[in-house]
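# Chains, contacts and geometry: an overview
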Amino acid sequence: MSYEFLQHYWCFIVSLLGAILVFLLFVQGANSVARSLGYTDEGRRLVYNSTGRKWEFTFTTLVTFGGAFFASFPLFYSTSFGGAYWLWMLILFTFVLQAVSYEFQNKIGNILGPRTFQFFLTLNGIVGPLLLGGAVATFFEGSNFIVEKNNMIDIGAMTPIISRWANASHGLDALLNPWVLVFGFAVVFLARTLGILYVMNNVDDEDIRSRGSVRLIGAVVPFLVLFVAYLVHLLLKDGYAVNADGIVYMEPYKYLNNFLDMWYLTILLLIGVVLVLFGIGKTIMDKNYNAGIWPAGIGTVLTVLALLLSCAWNNTAYYPSTADLQSSLTLQNSCSSEFTLRTMFYVSLLVPFVLAYIVYCWRAIDKKKLTKEEIQTDHAY
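All values reported here derive from a predicted model rather than from experimental measurement.

About the criteria used
- Residues numbered from 1 in each chain as written.
- Predicted model: local features only at pLDDT ≥ 70, side-chain atom pairs only at ≥ 80, totals over all residues.
- Heavy atoms only, no water.
- Helix = DSSP H or I, 4+ residues; strand = E, 2+ residues; numbered from the N terminus.
- Rg over C-alpha atoms; globule rule 2.2 N^0.38 Å.
- Buried < 20%, exposed > 50% of the residue type's maximum accessible area, 1.4 Å probe, protein only.
- Contact = heavy atoms within 4.5 Å.
- Areas by Shrake-Rupley, 256 points an atom, 1.4 Å probe, with all protein chains shown as cover.
- Lys, Arg positive; Asp, Glu negative; His and termini not counted.
- Charge placed at Lys NZ, Arg CZ, Asp CG, Glu CD.
- Salt bridge = Lys/Arg side-chain N within 4 Å of Asp/Glu carboxyl O.
- Phe/Tyr/Trp six-rings, centres within 6.5 Å; stacked < 30°, edge-to-face > 60°.
- Lys NZ or Arg CZ within 6 Å of the ring centre and 35° of its normal.
- Polar contact = N/O pair within 3.5 Å; in protein donor to acceptor, adjacent residues only side chain to side chain.
- Axes fitted to C-alpha atoms, helices over the stretch in contact; angles between N-to-C directions.
- Parallel < 35°, antiparallel > 145°, perpendicular 65-115°, else oblique.
- Left-handed = near helix turned anticlockwise from the far one by under 90°.
- Nonpolar A, V, L, I, M, F, W, Y, C, P; charged D, E, K, R; others polar.
- Pairing = 2+ DSSP bridges.
- Core = buried A, V, L, I, M, F, W, Y, C linked by side-chain atoms within 4.5 Å.

With that settled, the discussion passes to the overall build of the chain. From N to C terminus, the chain includes 16 helices and four strands. A compact globule built from 381 residues would reach a C-alpha radius of gyration of about 21 Å, and the chain, at 21 Å, matches this within 12%. With respect to the principal axes defined by its C-alpha atoms, the chain has extents near 65 × 45 × 40 Å. Out of the 381 residues belonging to the chain, those deemed buried represent 53%. Of the contacts formed within the chain by residues at least 6 apart in sequence, a portion of 76% connects residues at least 24 apart. Of the roughly 17,500 Å² of accessible surface on the chain, 69% is carried by carbon and sulfur atoms. For the chain, the centre of its 23 positive side-chain charges and the centre of its 24 negative side-chain charges are spaced 10 Å apart.

Take a look at the structure:
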């Protein structure tokens, strides 16, 4: 195993975690439409109890994603999580708010009332995917930071900080880029689409399933418009390339060239898109079909995985800097030592066992469809 192989391997692992995280955002997506999907108080409780069984998976994957990034590419962690901390703090705040809202919305003594916490769940369902999508978009659009590694050895430096944000917004300036917002809202409507598909599959209630088919069209149309618009923009825009000496430069049609050079990512992307469209289309066309979450979910993972790998592999700066082009982060200049990556590689061999346990728990939780009778128990949200 060469150092280069380990760098690409851990890029793949981190990208896979990010792709799985986007799929698990169906929890946020379903919560964002719970009031219209459930319509009645009882219907809304069905939706919240359906997603409430899975929110831990989303939060755990988010933490694991951050931990894997920190261990394998620490300079990205210190640059993005440290510099753009307002953006990440807002993301974490909405997820913490979600956890609290699940537990307290129907607790005895809740002086704020259930609707307050349900509003918080809706807020998380919109803001969480929007900000996470915006953070991912910066891998292609760039962020406003400067890296100064010499600060670590410069005795005269005021502070031994390697990277810093170039302005006082600390990440929020990314939301001023219209293409970041386009991608962010595409993730919002994707999460909403997946959330509707999941609830239709998980809840045994004819009223919710019939409403889900209508709400699904309202989520799919803006998602497709936004996703196609951003994909065309991505393939036509200049990208951040890296030469053999580590110099970052702008290359016309860089991401289009990446998909042409790495044909396997193009196949992965196309398979993912087809699976997403199949899951959505069959659910809309066939009233008896409610398993659309699985082809659409697998397709989401494959599509996002292909996009994330295209911004890092093939000599590409995966976290470009708009303030200083040579501060852009690449696999080579931001990764951990070879010893660390090699040691982590052996630890990662345990990942299949962890995934098997997650699948087992998932099947155990969902082996029975959620009904109105079940939410009357003491264990319901």
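Now that the structure is up, let's keep going.
This part is about the pattern of salt bridges. All chains considered together, the criterion is met by four salt bridges. Measuring nitrogen to oxygen at the nearest pair gives 3.5 Å for the salt bridge that ties Asp207 to Arg211. In this pair, Asp207 and Arg211 both sit in helix H10 (residues 206–236), four residues apart, roughly one turn of the helix. Note that Asp286 and Lys282 form a salt bridge whose closest N and O atoms lie 3.8 Å from each other. Looking at Lys282, the relative accessible area reads 30%, which means it is partly exposed.

Further remarks concern the packing of aromatic side chains. Counted by the stated rule, this structure contains 38 aromatic pairs. Ring geometry for Phe145 against Trp165: centres 6.1 Å apart, planes inclined by 35 degrees, an arrangement best described as tilted. Taken together, the residues Phe145 in strand S1 (residues 145–147) and Trp165 in strand S2 (residues 163–165) connect sequence positions 20 residues apart. Geometry around Trp362 places Lys54 over its ring, the cationic atom sitting 4.7 Å from the centre. Lys282 extends its terminal NZ or CZ atom over the ring of Tyr289, reaching a point 5.0 Å from the ring centre.

Considering the arrangement of structural elements, one finds Ser336 in the loop between helix H14 (331–334) and helix H15 (338–348). Looking at Ser336, the relative accessible area reads 9%, which means it is buried. Polar contacts involving the side chain of Ser336 include one to the main-chain carbonyl oxygen of Ala71, which spans 2.4 Å. Ignoring sequence-local partners within four residues, the contact set of Ser336 consists of Tyr3, Ala71, Ser72, Phe73, Pro74 and Leu341.

With that settled, consider the side chain of Asn124. By the element assignment, Asn124 lies in helix H8 (residues 114–141). Taking the relative accessible area as the measure of exposure, Asn124 reaches 1% and is therefore buried. In contact with Asn124, other than residues within four places in its own chain, are Gln28, Thr94, Phe95, Gln98 and Pro129.

This brings us to the packing of helix H9 (residues 178–202) against helix H13 (residues 293–310). Where H9 contacts H13, the axes come no closer than 9 Å and their chain directions differ by 150 degrees. Comparing their axes, H13 and H9 come out roughly antiparallel. Remark: the crossing between H9 and H13 carries left-handed chirality. In contact with Leu190, Leu194, Leu197, Tyr198 and Asn201 of H9, H13 contributes Ile293, Trp294, Ala296, Gly297 and Thr300. Looking at the contact of H9 with H13 residue by residue, the classes come out as seven nonpolar, three polar and no charged.

Attention now goes to the pairing of strand S4 (residues 248–251). Pairing geometry for strand S3 (residues 239–242) and S4, over four bridges, is antiparallel. Across the sheet, residue Val242 finds its bridge partner in S4, namely Val248. In this structure, the hairpin formed by S3 and S4 is closed by a connection of five residues, where Gly246 is found at a positive phi of approximately 85 degrees.

Our next topic: unusual backbone geometry. Notably, His170 is not glycine yet its phi reads approximately 50 degrees, a positive angle. Mapping His170 onto the fold places it in the loop between S2 and H9. Its identity as a non-glycine residue notwithstanding, Tyr253 has a phi of 55 degrees, on the positive side. Position of Tyr253 relative to the elements: it lies in the loop between S4 and helix H11 (254–261). Its relative accessible area of 43% is what places Tyr253 among the partly exposed residues.

Before going further, it helps to spend a moment on the nonpolar core. Counting residues in hydrophobic clusters, the biggest one holds 105 residues, and the most contacted among them are Phe73 and Tyr318. With 13 residues, the top contributor of residues to this core is H9. Residue contacts for Phe73: discarding those within four places in its chain leaves Gln7, Trp10, Cys11, Ala68, Tyr318, Leu331, Ser334, Cys335 and Ser336.

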